[in-house]
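Given next are the chains, with one letter for each unit.
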Amino acid sequence: QVKVVESGGGLVQPGGSLSLSCAASGSIFSANVMGWYRQAPGKPRELVATITRGGLTNYADSVKGRFTISRDNARNTVRLEMNSLKPEDTAVYYCKADLRSLVSTTLVGYWGQGTQVTVSS
């Protein structure tokens, strides 16, 4: 079955850096848009960044200039490089991948389980 798994979360001091990775695996024909979302305690889930298969990116204003999203189409992975981290970046970060399976041409969105990022001194 198709799986989307994040890794790389942890504790980092304000101003520090952290990188997150997400891998989609299983019977995948192709990966379309992939992206990162986050949800802080008591707040709704919000978009952080997305990237198309061709490399076009989109960032939330709150992370623009600080975060960088990239992908490896051959491995169906997406990466989020975070620097100049702020306490307000603390959240559970989720990977979302729009995928086509080998048995269906329908594009379906898949979510990872989430990884905790905590920015604190």
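This one's a predicted model, so the numbers in the text were calculated from it and none came from an experiment. (Residues numbered from 1 in each chain as written. Predicted model: local features only at pLDDT ≥ 70, side-chain atom pairs only at ≥ 80, totals over all residues. Heavy atoms only, no water.)

## Things to note about the nonpolar core
Then, in step 1: With 31 residues, the main nonpolar core has Trp36, Leu80, Met82 and Tyr93 as its most contacted residues.
Then, in step 2: Counting only elements with at least two residues in this core, the list comes to strand E3 (18-25), strand E4 (28-39), strand E5 (46-51), strand E7 (67-72), strand E8 (77-82), strand E9 (91-101) and strand E11 (115-119).
Then, in step 3: The element best represented in this core is E9, accounting for five residues. (Core = buried A, V, L, I, M, F, W, Y, C linked by side-chain atoms within 4.5 Å. Buried < 20%, exposed > 50% of the residue type's maximum accessible area, 1.4 Å probe, protein only. Helix = DSSP H or I, 4+ residues; strand = E, 2+ residues; numbered from the N terminus.)

## Describing the pairing of E7
Then, in step 1: Side chains Phe67, Ile69 and Arg71 project from E7 onto a buried face, and the interleaved Thr68, Ser70 and Asp72 project onto a face without burial.
Then, in step 2: Where E7 lies against E8, six bridges are found, and the strand directions are antiparallel. Bridge pairing links Arg71 to Val78 in E8. (Pairing = 2+ DSSP bridges.)

## Comments concerning the pattern of salt bridges
Then, in step 1: Enumeration over the complete set of coordinates arrives at seven salt bridges.
Then, in step 2: Across the pair Arg66 and Asp89 runs a salt bridge whose closest N-O atoms are separated by 2.8 Å. Placement of Arg66 in the loop between strand E6 (57-59) and E7 and of Asp89 in the loop between E8 and E9 is noted, with a sequence separation of 23 residues between them.
Then, in step 3: Residues Asp98 and Lys96 are paired through a salt bridge, measuring 2.6 Å at the closest nitrogen-oxygen approach.
Then, in step 4: Classification of Asp98 by relative accessible area gives buried; the value is 16%.
Then, in step 5: Through salt bridges with shared partners, one network takes in Arg38, Glu46, Arg66 and Asp89. (Salt bridge = Lys/Arg side-chain N within 4 Å of Asp/Glu carboxyl O.)

## What to know about the packing of aromatic side chains
Each aromatic ring pair is specified by the distance between its two centres and by the angle formed by the two planes.
Then, in step 1: Taken as a whole and assessed by the stated rule, the structure comprises one aromatic pair.
Then, in step 2: Across from the ring centre of Tyr94, 3.8 Å away, lies the NZ or CZ of Arg45, which sits over that ring.
Then, in step 3: The aromatic ring of Trp111 is capped on one face by Arg45, whose charged end is 4.7 Å from the ring centroid. (Phe/Tyr/Trp six-rings, centres within 6.5 Å; stacked < 30°, edge-to-face > 60°. Lys NZ or Arg CZ within 6 Å of the ring centre and 35° of its normal.)

## Re the sheet that holds strand E1 (residues 3-7)
Then, in step 1: Reading across the sheet, the four strands line up as E1-E3-E8-E7 and stay open at both edges, with antiparallel pairing between neighbours. Each of the sheet's edge strands pairs with one partner strand only, and the pair in question is E1 and E7. Put simply, the sheet's adjacent strands are angled 15° from each other on average, direction ignored. (Axes fitted to C-alpha atoms, helices over the stretch in contact; angles between N-to-C directions.)

## As for the side chain of Thr115
Then, in step 1: Examined against the element boundaries, Thr115 turns out to sit in strand E11.
Then, in step 2: Among the polar contacts listed, one links the side chain of Thr115 to the backbone nitrogen of Gly9, at a separation of 3.2 Å. (Polar contact = N/O pair within 3.5 Å; in protein donor to acceptor, adjacent residues only side chain to side chain.)

## Comments concerning unusual backbone geometry
Most of the time, phi is negative for any residue but glycine, and the peptide bond is trans.
Then, in step 1: Of note in the backbone geometry, Asn76 takes a positive phi value of approximately 55° without being a glycine.
Then, in step 2: Counting through the fold element by element, Asn76 comes out in the loop between E7 and E8.
Then, in step 3: Backbone geometry places Ser84, a non-glycine residue, at a positive phi of 50°.
Then, in step 4: In this structure, Ser84 sits in the loop between E8 and E9.
Then, in step 5: For Ser84, a relative accessible area of 37% corresponds to the partly exposed category.

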